[in-house]
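Given next are the chains, with one letter for each unit.
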Amino acid sequence: MSAPTTPLLRVRDLKTYFPIRRGLLRRQVGAVRAVDGLSFDLSAGQTLALVGESGCGKTTVGRSVLRLVEPTAGSIQLEGQELLQLSEKELQPLRQKVQMVFQDPMTSLNPRMRVRQILSEGLKSFGICKNPGELEDRVAAAMSRVQLLPEQLDRFPHEFSGGQRQRIGIARALAVEPQVLICDEAVSALDVSIQAQILNLLSELQEELSLAYLFITHDLSVVRFLAHDVAVMYLGQIVEQAPSTELFAKPEHPYTQGLLAAVPSPDPDQPRVQARVLGDLPSPASPPAGCRFHPRCGQALARCSTDPPLLELKAGREARCWLVDAES
Ligand code: SF4
């Protein structure tokens, strides 16, 4: 169940559009609506998983929250402070509070830097340490938090395994003592057994440090263990949001049902959802009229030619589909 706490991160009606330009004059002829009116809350000690196919806009959500890409409209509040109104300079100290863990530590860690330098970078740029001794202590503490040894600090990234490199990526994010971690496909490149170790580590760190995670993934099976809440994204919008246990027990939206049909169940006696998602994801530059999912939906009705609202089924549970209603 979601904890009834004040959200650390509050996102409302977030839109991030990328202009499509053509011709010699580079005139704008349209826009890719990567994120198209997204709202969610994230509280300390909680994990919200943002799930969807490649191209649905979930990575752009994470990058928009950090303002690595500039949102077109909406509101992003961190501890009540509106981030979209801040200048780059005003934003800088707040960047310490929200850190990112990337999918591929091999490309996100500088191969020419020793781990000591990698972990020191953020501490130096945010001016966190008063002296070299404190810097050394914090770097060693970040290393042991991810269960690596301080003796390994003078090695280069290529001297570690894939799982250890992802631990270094997590240590780099943790070194500056953030409140929110945005994990973008953070375990997708790892073998299943290593995935489980990293998910366990993230879970322990959350418990210990009360971290909030925005966990972005295409793989519903990895969120079952870690997420308190799940938001399913389709073509820039949330189509279903629910506490994780409820979503896995009874998915309401046909798209969620289709995603779950592809996930092996840990309980062999549990009846399998048979729905399948048909065809490919349409372009977010020209989403289908009406319900955006209708060309791929096996349950579409005549009514689906108009756009369904995101309907609240009960507290913490929403779905964007004409088939569901408040009684379900
Ligand atoms: Fe399918 Fe219609 Fe629901 Fe869209 S609104 S998901 S097309 S049933």
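This text goes with the structure placed above it.
The rules behind each value
Residues numbered from 1 in each chain as written. Predicted model: local features only at pLDDT ≥ 70, side-chain atom pairs only at ≥ 80, totals over all residues. Heavy atoms only, no water. Near = heavy atom within 4 Å. 1 Å grid on protein atoms, 1.4 Å probe; cavity = no way out; pocket = protein on both sides within 12 Å on 5 of 7 lines; lining within 4 Å. Sits in = over half its atoms within 2 Å of the grid points. Nonpolar A, V, L, I, M, F, W, Y, C, P; charged D, E, K, R; others polar. Pairing = 2+ DSSP bridges. Helix = DSSP H or I, 4+ residues; strand = E, 2+ residues; numbered from the N terminus. Axes fitted to C-alpha atoms, helices over the stretch in contact; angles between N-to-C directions. Contact = heavy atoms within 4.5 Å. Points joined across faces, edges and corners; volume = space filled by probe spheres on them. Buried < 20%, exposed > 50% of the residue type's maximum accessible area, 1.4 Å probe, protein only. Lys, Arg positive; Asp, Glu negative; His and termini not counted. Salt bridge = Lys/Arg side-chain N within 4 Å of Asp/Glu carboxyl O. Phe/Tyr/Trp six-rings, centres within 6.5 Å; stacked < 30°, edge-to-face > 60°. Lys NZ or Arg CZ within 6 Å of the ring centre and 35° of its normal. Right-handed = clockwise from strand over helix to strand, strands pointing away.

Draft legend 1. View of the site of the ligand. With respect to spatial proximity, 13 residues lie near the ligand, and among them Cys-291, Cys-297, Cys-304, Cys-321 and Trp-322 are the closest. Cavity membership is defined here by more than half of the atoms lying within 2 Å of grid points; on that basis the ligand lies in the largest cavity. In the shell around the ligand, the residues fall into 10 nonpolar, three polar and no charged.

Draft legend 2. Here's a closer look at the sheet that holds strand E8 (residues 212-217). Pairing is mixed in the open sheet, where eight strands are placed in the order E6-E7-E8-E3-E9-E10-E12-E11. Pairing within the sheet leaves two strands with one partner each, and these edge strands are strand E6 (98-101) and strand E11 (311-314). Between one strand and the next, the sheet's axes are offset by a mean angle of 20°, whatever the strand orientation. Summarising the sheet, strand E3 (residues 47-51) and E8 pair through five bridges and their orientation is parallel. Opposite Leu-50, over in E8, you have Ile-216 as the bridge partner. Docked against the sheet, helix H7 (residues 192-209) engages E3 and E8, running at close to 155° with respect to E8.

Draft legend 3. Looking closely at the layout of surface pockets. Taken as a whole, the second largest pocket encloses approximately 390 Å³ of empty space. Taken together, 16 residues line the second largest pocket, and the ones lying closest to its centre are Val-98, Gln-99, Met-100, Phe-102 and Phe-126. When residues of the lining of the second largest pocket are traced back to their parent elements, those giving at least two are helix H2 (88-95), E6, helix H4 (115-125) and helix H6 (162-175).

Draft legend 4. A look at the side chain of Asp-184. Within the secondary structure layout, Asp-184 lies in strand E7 (residues 180-184). One buried charged residue, Asp-184, remains without a salt bridge, the closest side chain of opposite sign being Arg-63 at 6.3 Å. The contacts of Asp-184, once residues within four sequence positions are left out, are Thr-59, Met-100, Val-101, Phe-102, Gln-103 and Ile-216.

Draft legend 5. Quick look at the packing of aromatic side chains. Evaluated as defined, the whole model comprises three aromatic pairs. Here the aromatic rings of Tyr-234 and Phe-293 are separated by 5.1 Å at their centres, their planes lie at 85°, and the arrangement is edge-to-face. Within this pair, whereas Tyr-234 is found in strand E9 (residues 229-234), its partner Phe-293 is found in the loop between helix H10 (254-261) and E11, the two being separated by 59 residues in sequence. Tyr-234 gets classed as buried once you look at its relative accessible area, which sits at 1%. An aromatic cluster is built from Tyr-234, Tyr-255 and Phe-293, whose rings are joined through pairwise contacts. Against the face of Phe-160 rests Arg-155, its NZ or CZ located 5.9 Å from the ring centre.

Draft legend 6. Summary view of the pairing of E8. Counted residue by residue, E8 has six buried out of six residues, so it is predominantly covered. Burial along E8 is two-sided: the residues Ala-212, Leu-214 and Ile-216 and Tyr-213, Phe-215 and Thr-217 are all buried. Bridging between E7 and E8 involves five bridges; their strand directions are parallel. Each residue of the ladder has a partner; that of Ile-182, found in E8, is Leu-214. With respect to chirality, the unit in which E7 leads through H7 into the neighbouring parallel E8 is right-handed.

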